[in-house]
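Structural overview
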Amino acid sequence: MARELVVATGTPVVAAAGNDAGDACKYVPGSEDEVITVGGTNRADGTYRRTNFGRCVDILAPAARVRSATVRCDNCSRVSSGTSQAAPLVAGAVVAMLDEDPSLTPTQIRMKLLQDAASDRVDLSPVPGDMRLQTANKLLHIPARSAFQPRVTPACRTVWSIKSGVGEGDPTSVACNVNETIMGCSSLAADGGMRAGEFNTELPDGRQACVAMNGAGGTGVYAVARCCSWPGARCYLRKSGKSSSRDDAEVKAKCDRTLFSCDMLVGCSASSETGFIDGVRLERSRFLGLIPSSLRKCAAQNGKGGSGVTAHATCCKSRDMKCKVVWSEHSKTGETQVTATCPSGTLLTGCNVYEKDGRAEGAYPVDNTCVARGKGVKAAAICCKRKW
């Protein structure tokens, strides 16, 4: 509660992930949503041997044999190791940001740290299992000149839930922080099991959450949210009715349209009661029924043996937003994973999977890439940019 009150005043909170070689979410204050939690690296850009990891870690910084000040004298120093050495490095970067622009909010500071960070530079192979997917591969970097401009630059980050229970329909959810907008909502079945899809929802406290459900016979599922900051955009949720139980039955959720403009589709999901979902397809509106225009429609398709499916669209009203879909090829024989990457200059807002037999394991975002898992699947990345 104290941490929430501090952040509410506009003061960012930076904390060490801890040194137990385990899940950072099990320890406070690093487990708190509002806190910028720092994991540790070694001198070879691998993980520090004792650093905690997982979905609660926001960024990584050097933690092995770091020279720091001591209390013995004004110019005394010593060499120490641990995430308690990594966190001050990030805190120092935050102070430099605030010195340059005191108006930065905690949300903007987190997004700026992540955008400026070096991506995919750290060897996370020592991190076990699904924790490796959930640990942000973002290494602290302070550029001479940042491309991130507060109140101008759109930015997104990926946030994972805990694993759901193994019962049919068991849910799990993950929420974005205050002042973030949830755009994409994905789900991933654990251990190649079944999932019953996912959807975005509004919480009573004003935040938004991504909810995922375990499928029949599944071994648990993760919800994966794409939490974004897009200056000037006003976003909302739309939901279709439920389809029939016929194989390949389809329903669509549509963003609002006026005579001269369409709101943008930035996220598209599907949910069912059983877990037999073919997935989603993203469609453009057509001017006068003929000319493709804005990305506006989220189509969900029922899988063979399914009891019906519902489409869920996240839509944004913005004068300077333009979005498109990037599809991967179908995964080939022997492949269990494919990716679709947004082109330079665009931002991944939504990540989903399509597979005509209803057996896809799911999808999840990694930076600007959408990863889809399963046999015969296609990945669908929604890529957005500012028009000017």
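Before any of the text, the structure's been laid out above.
This one's a predicted model, so the numbers in the text were calculated from it and none came from an experiment.

Some remarks on the overall build of the protein
Scanning the protein for helices and strands turns up four helices and 25 strands. Taking 2.2 N^0.38 as the reference for a compact globule, 388 residues should give roughly 21 Å; the C-alpha atoms of the protein span a radius of gyration of 21 Å, in line with that estimate. Going through the 388 residues of the protein one by one, you find that 54% of them count as buried. Nonlocal contacts in the protein, meaning residues at least 24 apart in sequence, comprise 69% of its contacts between residues at least 6 apart. Counting only carbon and sulfur atoms, one obtains 49% of the accessible surface of the protein, whose full area is about 17,800 Å². Of the charged side chains in the protein, 49 are positive and 38 negative; the average position of the first set lies 5 Å away from that of the second.

Considerations on the packing of aromatic side chains
Going through the model one piece at a time under the given rule, you end up with two aromatic pairs. Both rings, one in Trp160 and one in Tyr222, keep their centres 5.8 Å apart while their planes meet at 75°; by these two values the pair is edge-to-face. Taken together, the residues Trp160 in strand E8 (residues 155–160) and Tyr222 in strand E13 (residues 221–229) connect sequence positions 62 residues apart. The pair Trp160 / Tyr222 is uniform in exposure class, with both members buried. With 5.6 Å between their ring centres and 50° between their planes, Trp160 and Tyr364 make a pair best called tilted. Of this pair, Trp160 sits in strand E8 while Tyr364 sits in strand E23 (residues 362–366), and the two are 204 residues apart along the sequence.

Re helix H3 (residues 106–116)
Burial within H3 is extensive, with ten of its eleven residues counted as buried. Along H3, the residues that are buried comprise Pro106, Thr107, Gln108, Ile109, Arg110, Met111, Lys112, Leu113, Leu114 and Asp116.

Observations regarding unusual backbone geometry
Residues Val28 and Pro29 are joined by a peptide bond in cis, for which omega reads 5°. Mapping Pro29 onto the fold places it in the loop between strand E1 (14–16) and strand E2 (36–41). You will see that Ala21, though not glycine, has its phi angle at about 50°, which is positive. Note that Ala21 resides in the loop between E1 and E2. The backbone phi angle of Arg65 is positive, close to 50°, even though this residue is not glycine. Positionally, Arg65 belongs in the loop between strand E3 (59–62) and strand E4 (66–69).

A look at the nonpolar core
Judged by nonpolar contacts, the single largest core of 31 residues is most densely connected at Leu265, Val266, Met321 and Cys323. Contributions of two or more residues to this core are made by strand E15 (250–254), strand E16 (264–272), strand E17 (277–287), strand E18 (291–302), strand E19 (309–317), strand E20 (321–327) and strand E25 (378–386). If we skip the residues at most four places from it in the chain, Val266 touches Met183, Thr314, Cys315, Cys316, Met321, Cys323, Thr349, Gly350, Ile382 and Cys384. Counting 18 residues, the second largest nonpolar core, distinct from the first, contains Ile36, Val38, Leu104 and Ala117.

Focus on the state of the cysteines
The full count for this structure, using the stated rule, is eleven disulfides. For Cys156, the disulfide goes to Cys228, at an S-S distance of 2.0 Å. Given an S-S torsion of about 105°, the disulfide between Cys156 and Cys228 has right-handed geometry. Taken together, the residues Cys156 in strand E8 and Cys228 in strand E13 connect sequence positions 72 residues apart. Residue Cys228 is classed as buried on the basis of its relative accessible area of 1%.

Structural notes on the pattern of salt bridges
Counted under the stated rule, the structure contains 14 salt bridges. Of the charged contacts, one joins Arg207 and Asp33 as a salt bridge, the two residues approaching to 3.3 Å between their closest N and O atoms. Placement of Arg207 in the loop between strand E11 (195–202) and strand E12 (208–214) and of Asp33 in the loop between E1 and E2 is noted, with a sequence separation of 174 residues between them. Classification of Asp33 as partly exposed rests on a relative accessible area of 38%.

As for the side chain of Asp320
Along the chain, the position of Asp320 falls in the loop between E19 and E20. Within the local environment of Asp320, its side chain forms a polar contact with the side chain of Ser318, the two groups lying 2.9 Å apart. At 2.9 Å, the side chain of Asp320 forms a polar contact with the side chain of Arg386. Residue contacts for Asp320: discarding those within four places in its chain leaves Trp230, Lys385, Arg386, Lys387 and Trp388.

Quick look at a positive patch on the surface
A surface patch of positive charge is lined by Arg284, Lys322, Lys324, Lys385 and Lys387. Of note, Lys324 is situated in strand E20. The partly exposed category is assigned to Lys324, whose relative accessible area is 37%.

Description of the environment of Ala299
You can see Ala299 is positioned in strand E18. Apart from residues no more than four positions distant in its own chain, Ala299 is found in contact with Glu250, Val251, Lys252, Cys268, Gly279, Val280, Arg281 and Glu283.

How each quantity is defined
Residues numbered from 1 in each chain as written. Predicted model: local features only at pLDDT ≥ 70, side-chain atom pairs only at ≥ 80, totals over all residues. Heavy atoms only, no water. Helix = DSSP H or I, 4+ residues; strand = E, 2+ residues; numbered from the N terminus. Rg over C-alpha atoms; globule rule 2.2 N^0.38 Å. Buried < 20%, exposed > 50% of the residue type's maximum accessible area, 1.4 Å probe, protein only. Contact = heavy atoms within 4.5 Å. Areas by Shrake-Rupley, 256 points an atom, 1.4 Å probe, with all protein chains shown as cover. Lys, Arg positive; Asp, Glu negative; His and termini not counted. Charge placed at Lys NZ, Arg CZ, Asp CG, Glu CD. Phe/Tyr/Trp six-rings, centres within 6.5 Å; stacked < 30°, edge-to-face > 60°. Core = buried A, V, L, I, M, F, W, Y, C linked by side-chain atoms within 4.5 Å. Disulfide = S-S within 2.5 Å. Salt bridge = Lys/Arg side-chain N within 4 Å of Asp/Glu carboxyl O. Polar contact = N/O pair within 3.5 Å; in protein donor to acceptor, adjacent residues only side chain to side chain. Patch = residues over 30% accessible without salt bridge, like charges linked within 9 Å, V, L, I, M, F, W, Y side chains within 5 Å.

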